[in-house]
Each structure stands twice: as structure tokens, then as C-alpha cells.
Amino acid sequence: MDRAITCARCLADLRTTTSIVSKFNTDWICRDCKTREVAHPKYAEANRAEMEAVRRGDMNYPGIGVPAKLYRPPCKAEEFVVTARLLTRDDPEPVSVSLPESANRYAFPDGSRAAVLPTGAICVLAYA
Ligand SMILES: [Zn+2]
């Protein structure tokens, strides 16, 4: 697969920023779009499906498909997740278990919501 020169989601110039292939499909995406992807509730499922495909020898696995919200401009909860990554230099961790009571939950003016777990993992709970 040829490396793309623009992010498939936000059209950022990939010649001037870090890029990586999506877990949801085969798009080349920028670092911020990767962060948004990792914070999506379906990321763990996408990651698991890709790993199972590789394990059975399918190197052309197309992915489970990109949630439509990831093609739209980020909502406030996603901006929060991207900013947290910039501050901590860590990517969010995908949340694959039900949210513990101890998670801090944040609601944003646009109606979106995010959670920060005691481990530092961040995820988007609701999109605007
Ligand atoms: Zn992007």
C-alpha cells in the first residue's frame, strides 16, 4: 500500500506530520486522527479483529469499517482527548471493559462526553 500524502480523515499534509494506518480500515491518517480513533468506543473491537485476521494469515484485512463520526470535525470530547495526548505525550488507551465507578466523567457544552480512567486511559463516551 502506498503511503498517502494527505490524511484520509482531515486532509492534513502527511509529509509534515506523523502518519499511521487506521485500525478501522486501510486509510493513512495523521496523529490527531489516530488519537481520535483510539478514543472511539469501537477501537478495541477493530484492533482485536485485525489481530485475529493477521493470526489466520490474512494480510489484506480491510478492517471493520470506520465509524462515520471519525470523518467529521472533532467534537469537544475529541478535542479534549487530542489535547490530553499533546500534554501527556501518551496516546489514549482503548477502553475495552465497562467503565469503572472510579472513572472521571466530563460533559462538554456541545453535548459530547469523555471519561478518564484511574489508569490514565481516556475515551469518548458520547459524540456531539
Ligand atoms: Zn487527520
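Residues numbered from 1 in each chain as written. Predicted model: local features only at pLDDT ≥ 70, side-chain atom pairs only at ≥ 80, totals over all residues.

The number of helices and strands found in the protein chain is three helices and five strands. In the protein chain, the succession of helices and strands from N to C terminus is β-β-α-α-α-β-β-β. Taking 128 residues into account, the globule formula puts the C-alpha radius of gyration at 14 Å, and the protein chain, at 15 Å, falls close to it. Its C-alpha atoms put the protein chain at 40 × 35 × 25 Å along the principal axes. The 128 residues of the protein chain split such that 30% are buried. (Helix = DSSP H or I, 4+ residues; strand = E, 2+ residues; numbered from the N terminus. Rg over C-alpha atoms; globule rule 2.2 N^0.38 Å. Buried ≥ 20, exposed ≤ 12 C-beta atoms within 10 Å, placed from the backbone.)

Pairing of strand E3 (residues 104-107) with strand E4 (residues 113-116), which is carried by four bridges, proceeds in the antiparallel orientation. Residue pairing across strands places Arg105 opposite Ala115, the latter belonging to E4. Between the antiparallel neighbours E3 and E4 lie five residues, among them Gly111 with a positive phi of about 95 degrees. (Pairing = 2+ DSSP bridges.)

Formed by 16 residues in total, the largest nonpolar core has its most connected members in Ala39, Ala77, Val81, Ala114, Ile122, Cys123 and Val124. Elements that contribute at least two residues to this core include exactly helix H2 (43-55), helix H3 (76-88) and strand E5 (122-126). In contact with Val124, other than residues within four places in its own chain, are Ala39, His40, Pro41, Ala77, Glu78, Val81, Ser112 and Ala114. The next biggest cluster of nonpolar side chains, apart from the first, holds five residues, and it includes Cys7, Ile29, Cys30 and Cys33. (Core = buried A, V, L, I, M, F, W, Y, C linked by C-beta atoms within 7 Å. Contact = placed C-beta atoms within 7 Å.)

Turning to the packing of helix H1 (residues 31-38) against H3, a few remarks are in order. Look at H1 against H3: their axes get within 9 Å of each other, and the N-to-C directions meet at 115 degrees. The interaxial crossing formed by H1 with H3 has right-handed handedness. Between H1, through Asp32, Thr35 and Arg36, and H3, the contact on the second element is made entirely by Glu78, Val81, Val82 and Arg85. Within the contact of H1 with H3, the residues separate by chemical class into two nonpolar, one polar and four charged. (Axes fitted to C-alpha atoms, helices over the stretch in contact; angles between N-to-C directions. Left-handed = near helix turned anticlockwise from the far one by under 90°. Nonpolar A, V, L, I, M, F, W, Y, C, P; charged D, E, K, R; others polar.)

With four bridges connecting them, E4 and E5 associate as antiparallel partners. Within the sheet, the bridge partner assigned to Ala115 lies in E5 and is Cys123. Between the end of E4 and the start of E5, which pair antiparallel, lie five residues, with Gly120 showing a positive phi angle near 100 degrees.

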